[in-house]
Structures are given as structure tokens and as C-alpha cells.
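Here is how the chains run, residue by residue.
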Amino acid sequence: MSGQGEAPLVAVIATGGTIASRRGADGVSTPSLSGEDLLSLVPQITARLKPVDLMAKDSSSLTLADMQRISDAVGVELNDSAVAGVVILHGTDAMEESSLLVHLQHAITKPVVFTGAQFTADHPNADGPANLARAIETALDQANAERGVLLSFGGRCLPAWGLYKLSADSADAFRSARPAAPAAALNLAAPVAGLRVDIVAIYPGCDAAHIEASLQAGADGIVLAALGSGNANPGIAVAVKRCAERRVPVVVSSRVPEGLLVASYGGGGGGHDLVAAGAVHSSTLRPGQARILLAALLANKSPAETIVSAFGESLSH
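Starting from 1, residues in each chain are numbered consecutively following that chain's sequence as written. At least 70 in pLDDT is required for a residue's local features to be given in this predicted model, at least 80 for side-chain atom pairs to be given and counted, and no such filter applies to totals for whole chains, interfaces and linings, which use all residues. Heavy atoms from the whole structure form the basis of all side-chain values; hydrogens and water molecules are not counted.

Draft legend 1. Local environment of the overall build of the protein. Segments assigned H or I by DSSP are reported as helices when at least four residues long, segments assigned E as strands when at least two residues long, and all are numbered from the N terminus. Tallying secondary structure elements over the protein gives 9 helices and 14 strands in all. The quantity called the radius of gyration is restricted to C-alpha atoms. Its globule counterpart is 2.2 Å times the number of residues to the power 0.38. At 20 Å, the protein has a C-alpha radius of gyration in line with the 20 Å of a compact globule built from 317 residues. When the backbone C-alpha atoms are referred to their principal axes, the protein occupies close to 65 × 45 × 35 Å. Three labels apply to residues, based on accessible area from a 1.4 Å probe with only protein chains included: buried if under 20% of the type maximum, exposed if over 50%, partly exposed otherwise in between. For the protein, the residues scored as buried account for 54% of the 317 residues in total. Contacts are assigned to residue pairs that have any heavy atoms within 4.5 Å of one another. Once local pairs closer than 6 in sequence are excluded, the contacts in the protein between residues at least 24 apart make up 73%. Charged residues are defined here as Lys and Arg on the positive side and Asp and Glu on the negative side; His and the ends of the chain fall outside this count. Charged side chains are reduced to one point each, which is NZ for Lys, CZ for Arg, CG for Asp and CD for Glu. On the protein, the mean spot of the 22 positive side-chain charges and the mean spot of the 29 negative ones are 4 Å from each other.

Rendered as C-alpha cells:
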């Protein structure tokens, strides 16, 4: 434990992303700043900071194995009694995925806060230092441990559960799909590296070719980025039934970014029909996060009824 009178210690895990990036002579942005570099940009705060340089990757390049490394690194800091809170510096493209995985795999006993930036460190409107400063302040408030994994970004503090990226060019980049939905606490500790969970986009007039391709590629599970509240067409419903027969779970989410998703439509391929064919309906999580939850459930060998409950409201407490 830290000595009496010492400022609290916050671990800052650097993984890359825009917050750690600068533009090269060719105009291309790449992660090039270490955790120590980034902490030197933070205004004076009343905390001791422990930089952890884990990786330097654009989050668009992250695999499930990379996300597992991030989650494991957070677990190390959660188990260190000297650490009062944890901040993870991360690219915005996959922030919603990694933050949810950490939330699902750990009992959050101290504040865990993700942050990053929309503009590179050498941009005239660089937002990384301010985001990092606010994230550290959020990690110092022990009451935030009760809220699960959080995102501090653009002046907002949002829960990981239901998080999605709203804007590609605004500093205020993130929102919650359902702000009133409480985060589920599922304790799905098994590692997800090595699993394959695909996302298939549904659009008007689509066929099942991409679902069949996922089955042929050996997908362990499939998420549909469906229409409206989670709708498709009769051909997709037939493909979902084939997946169920092969014991490959299919989760139905939506390309619509906000609101409660309800499996209520029929017509041969509506959400009600997809569930009748064997799919699981996601009431809150959008496709990126649905993929992470499904991977975590599969890694933990969760039975079918647990998968249904996890994506519904019965475990959202």
C-alpha cells in the first residue's frame, strides 16, 4: 500500500491509438508516443502515475487476442493493492469492444476508465491531454468502481455497457445505445483469444451468402447487424435455422445506433421470426459489443439459456 500522506497511484496502460499518434512526413498518423510521453502532457494533478506500455497499435488492427492482453493487463493492476485506479489509453475505433471485454471479465473493485483522442498529439486541437486528465480524475474517485468499466471522453463519462462511437470527427465522439440500461455484471473470466465470431451486415434484399461463408470459415458464433429493431428477411431466417442445427449461435443486433431492440416483427424474416428460427435477440448491445459478449459467453462454455439471458434484460442489473 502507498505510504500515509502519499498521493494515490493510478496505473495508465498505453495501447496506442490516436492519442499516441503523430503525423509523419507522408501525412500518415501512426502510434509513436509511449505512456511516459503522454503522461508528460497531462496538466498537474494530485496523483502519482504509473505508466504501463502494453502495445502501440491502431485499435482498428486489434484482434481478440490483443483485447485479451489489454484485459489481462487491467487484471494485473486490479490485483495490485498499491494501485487506486486504472486508466487505459486506447484507439477510438475499437474502444467499445475492449472496454466491454474488461467489464465482462473482471470484478471491478476500483475505478477502471478508458480514454483516447479523436485528434493526433500534434494536431492544433489535440484532445488527448484533456481527456487523459479527466480520465485520471475519474479513476481517483473510488465511487466510480461501482459503475463498472467507464469511458471518459469529450467531457462525458459513460458506462462500457451499451457504448458506441457516434462521430468520426468530433471530440465528443461517444454515446450510450440505451443510457438508462444498467450494466450487466457477468464475470466471464475465460480468455477469448482463438475464438472466431463474425459480424454479418443485413441490408434490404440481401441473401445468406455471408452467413454461409462464416459457417464455412468455421465461425464459433455470428452476429447479425440487422435492420430496425433487429429484422431481416425470410432467407436470413432459413440461414439462422441452419446455424442453429449446426450449434453455431446467432445473435441479432441492429445497425440502428440507439434505443431498445425488440423482437416483435413477423413477415417471415422479422425479429420474431429470427428468434423462432433459433437466434438470440440483443436488447441493448450493438453489433461490435454483441460480438464481444458472445465471444466471452462462448469462451466460458455458457449454456443456451445463459446466452439468451445475457443479451436480454434479465441480467441487466
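Draft legend 2. Structural detail: the pairing of strand E6 (residues 112–115). What you see with E6 is no split at all: Val112 and Phe114 on one side and Val113 and Thr115 on the other are buried throughout. Two strands qualify as a pair provided that DSSP identifies no fewer than 2 bridges between them. Two strands pair when backbone bridges link them, and strand E5 (residues 83–89) and E6 are joined in this way by 4 bridges, in the parallel orientation. Bridge pairing in E6 links Val87 to Val113. Considered for its hand, the β-α-β crossover made up of E5, helix H3 (residues 95–105) and E6 is right-handed. Two strands pair when backbone bridges link them, and E6 and strand E7 (residues 150–153) are joined in this way by 2 bridges, in the parallel orientation. Bridge pairing links Val113 to Leu150 in E7. In this view, the connection linking E6 to its parallel neighbour E7 by way of helix H4 (residues 128–140) has left-handed handedness. When the strands point away from the viewer, a crossover counts as right-handed if the route from the first strand across the helix to the second turns clockwise.

Draft legend 3. Fine view of empty space enclosed by the protein. In this analysis the probe radius is 1.4 Å and the grid spacing 1 Å, with only protein atoms considered; a cavity is a set of points the probe fits into but cannot get out of, a pocket is an open set with protein on both sides within 12 Å along at least five of seven lines, and lining residues have an atom within 4 Å of a point. Grid points are joined across faces, edges and corners, and a volume is the space filled by probe spheres set on the points. Tallying each qualifying case throughout the model produces 1 cavity of 30 Å³ or more. Considering only enclosed or pocket space, the largest cavity measures out at about 40 Å³ in volume. Of the residues forming the lining of the largest cavity, the biggest block, 3 residues, is contributed by H4. Charged means Asp, Glu, Lys or Arg here, nonpolar means Ala, Val, Leu, Ile, Met, Phe, Trp, Tyr, Cys or Pro, and polar covers whatever is left, Gly included. Among the residues forming the lining of the largest cavity, the class breakdown is 6 nonpolar, 1 polar and no charged.

Draft legend 4. Representation of the nonpolar core in the model. For the purposes of this section, nonpolar cores are sets of buried Ala, Val, Leu, Ile, Met, Phe, Trp, Tyr and Cys residues that join through side-chain atoms within 4.5 Å. In terms of nonpolar packing, the biggest core is built from 55 residues, with Val112, Leu293 and Phe311 touching the most fellow members. If near-sequence neighbours (up to four positions away) are discounted, Val112 is found in contact with Val74, Leu78, Val86, Ile88, Val102, Gly148, Val149 and Leu150. The next biggest cluster of nonpolar side chains, apart from the first, holds 22 residues, and it includes Cys206, Ala237, Val240 and Leu274.

Draft legend 5. Inspection of helix H8 (residues 287–299) at higher detail. The first and last C-alpha atoms of H8 sit 18 Å apart over 13 residues, in line with the 18 Å expected at 1.5 Å per residue. Where burial is concerned, most of H8 is hidden: 11 out of the 13 residues are buried. One or two steps after H8, the chain reaches Lys301, where phi turns positive at roughly 55°. Every helix has an expected span of 1.5 Å times one less than the residues it contains.

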